[in-house]
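So you can see what is in the structure, the chains are spelled out below.
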Amino acid sequence: LEIETGIPSFAVPTNGMHDYVYGAGIAFEEIAKRFVTEKEARGNYAKRTVNLLGATPLDFGPFPRVEELKNNLEKCGWEILSTWAMGDSLEDLVKAGNAEINLVVSAVGLRAAKVLQEKFGTPYVIGTPNEWLAETISEALEEAAEQQTDRKIVYLQNRMQKEAEITLIGEPVTMGSLAAGIEKKYGHSVRVFCPLKECENLVGEKDAIVLGEEAMEEALRDAKIIVADPLYKPICPAKCTFYELPHVAFSGRLWFGTD
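Being a predicted model, the structure only gives us computed values, none of them experimental.

Another point: the nonpolar core. Core analysis: the largest hydrophobic core is formed by 54 residues, its most contacted members being Leu 73, Trp 84, Leu 103 and Ile 126. In this view, Leu 103 contacts Val 50, Asn 51, Leu 52, Leu 53, Leu 73, Val 125, Ile 126, Gly 127, Pro 129, Ile 137 and Leu 141; residues no more than four positions away in its chain are not counted. In this structure, Ile 169, Ala 223, Tyr 232 and Cys 240 belong to the second largest nonpolar core, which totals 13 residues.

This is the structure we're talking about:
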């Protein structure tokens, strides 16, 4: 297709048996490889500029939710150079190499972060800048940019180690960041159950990768408070307190209406 049309083309090898982190992650990886332009030297970046990697409707749903994350960082003095990939054009993404640092806001963005690090030496930090964690993430970005270090998983730092009172189910970066925020704001211990593959390095000691409905039902047997997509409710204990947190990658637009 590329030879015949002159339109850049690439394939994402999927077979319908992987979860969305795999396919969407490879798509971002290929964009980073093929389209992000080279710079002459690493020192050409502008200070306090950051790319948000992994911001897709699959994890964040409606566009205003991503705008909130951007606003949280902007209040801390950061300029968002590009958002992968809600609200920005391909022309915006190709400039990603000019950022001082990258922030992986969901597991989908991790592959792209590694490519951009390899191409430009750009360090990256992992975490979702929700209202409770944005300041801590800003500090981690500053430290990583100054020291040219990377892979700091912000939401796993200073987590409470006592037995969890609240259980979150979902993607590890967004849910891990929410867990850290709840612990910081309210002082209640939280654990995260992640139903996705290739995310083992993104969960904490008291968290777990739980694959499959039967395994998740067993893991939830002792849960008293659960926050998850409504589709999980049928396998939760009858006496638990369940809070609905719709997740597009799990239940589509079923819980978001038609607007």
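Additional details are given in the paragraphs that follow.
Moving on, we come to the pairing of strand β3 (residues 101-104). The side-chain alternation of β3 yields two buried faces, one formed by Ile 101 and Leu 103 and the other by Asn 102 and Val 104. Where strand β1 (residues 49-53) lies against β3, four bridges are found, and the strand directions are parallel. Counted as the bridge partner of Leu 53 is Val 104 from β3. Note that β3 and strand β4 (residues 124-126) share three bridges and pair parallel. Note on β4: the bridge partner recorded for Val 104 is Ile 126. Since β3 and β4 lie parallel, the crossover through helix α6 (residues 110-120) that links them has a hand, and here it is right-handed.

Backbone-to-backbone hydrogen bonds pair the strands of a sheet. The strands run either parallel or antiparallel. Judged by pairing direction, the sheet is parallel, and its five strands sit side by side in the order β2-β1-β3-β4-β5 without closing on themselves. The sheet terminates laterally at β2 (79-84) and β5 (152-153), the two strands that pair on one side only. Pairing of β1 with β2 involves five bridges; the strand directions are parallel. Across the sheet, the residue bridging to Asn 51 is Ser 82, located in β2. Contacts between α6 and the sheet are confined to β1, β2, β3 and β4, with β4 contributing the most and set at about 160° to the helix. Each of β3, β4 and β5 touches helix α7 (residues 134-147); the most contacted strand, β3, lies at about 140° to it.

Here the focus is the environment of Leu 141. Inspection of the secondary structure assignment puts Leu 141 in helix α7. Expressed as a C-alpha distance, the spacing of Leu 141 and Val 154, which sit 13 residues apart in the sequence, is 9.5 Å. When near neighbours in sequence (up to four residues on either side) are disregarded, Leu 141 contacts Leu 73, Trp 78, Ile 101, Asn 102, Leu 103 and Val 125.

The next point concerns the sheet that holds strand β8 (residues 208-209). If you trace the five strands from one edge of the open sheet to the other, you get β8-β7-β6-β9-β10, paired in parallel fashion. Each having just a single partner strand, β8 and β10 (241-244) make up the two edges of the open sheet. Relative to β8, strand β7 (residues 190-194) is paired through two bridges, and the arrangement is parallel. Paired with Cys 194 across the strands is Ile 209, a residue of β8. Sitting on the sheet, helix α8 (residues 172-186) is in contact with β6 (166-169) and β7, with an inclination near 170° to β7.

What follows deals with the environment of Ile 225. Secondary-structure assignment places Ile 225 in strand β9 (residues 225-228). The class for Ile 225 is partly exposed, based on a relative accessible area of 28%. With 28 residues separating them along the chain, Ile 225 and Arg 253 place their C-alpha atoms 24 Å apart. Here Ile 225 is in contact with Glu 165, Ile 166, Thr 167, Thr 241 and Tyr 243, once residues within four sequence places are set aside.

Further remarks concern α8. Each α-helix winds once per 3.6 residues, and so residues spaced three or four apart point in a common direction. The end-to-end C-alpha distance of α8 is 20 Å, a good match for the 21 Å that 15 residues give at a rise of 1.5 Å each. Of all 15 residues in α8, twelve are buried, a share of seventy percent or more. Along α8, the residues that are buried comprise Pro 172, Val 173, Thr 174, Met 175, Gly 176, Ser 177, Leu 178, Ala 179, Ala 180, Gly 181, Ile 182 and Glu 183. By the N-cap criterion, in which a side-chain oxygen at the helix start approaches the backbone nitrogen of a residue two or three places on, α8 is capped by Glu 171, the distance to Val 173 being 3.0 Å.

Time to look at unusual backbone geometry. A cis amide bond links Trp 84 with the next residue in sequence, Ala 85, at an omega value of 5°. Here Ala 85 shows up in the loop between β2 and α5 (90-93). You will see that Asn 158, though not glycine, has its phi angle at about 60°, which is positive. Tracing the backbone shows Asn 158 in the loop between β5 and β6. Residues other than glycine seldom take positive phi values, yet Glu 198 does so here, at roughly 60°. Among the structural elements, Glu 198 can be located in the loop between β7 and β8.

Conventions used here
Residues numbered from 1 in each chain as written. Predicted model: local features only at pLDDT ≥ 70, side-chain atom pairs only at ≥ 80, totals over all residues. Heavy atoms only, no water. Core = buried A, V, L, I, M, F, W, Y, C linked by side-chain atoms within 4.5 Å. Buried < 20%, exposed > 50% of the residue type's maximum accessible area, 1.4 Å probe, protein only. Contact = heavy atoms within 4.5 Å. Helix = DSSP H or I, 4+ residues; strand = E, 2+ residues; numbered from the N terminus. Pairing = 2+ DSSP bridges. Right-handed = clockwise from strand over helix to strand, strands pointing away. Axes fitted to C-alpha atoms, helices over the stretch in contact; angles between N-to-C directions. Expected span 1.5 Å × (residues − 1). Polar contact = N/O pair within 3.5 Å; in protein donor to acceptor, adjacent residues only side chain to side chain.

Geometric descriptors of this kind do not, in isolation, establish any biological role.
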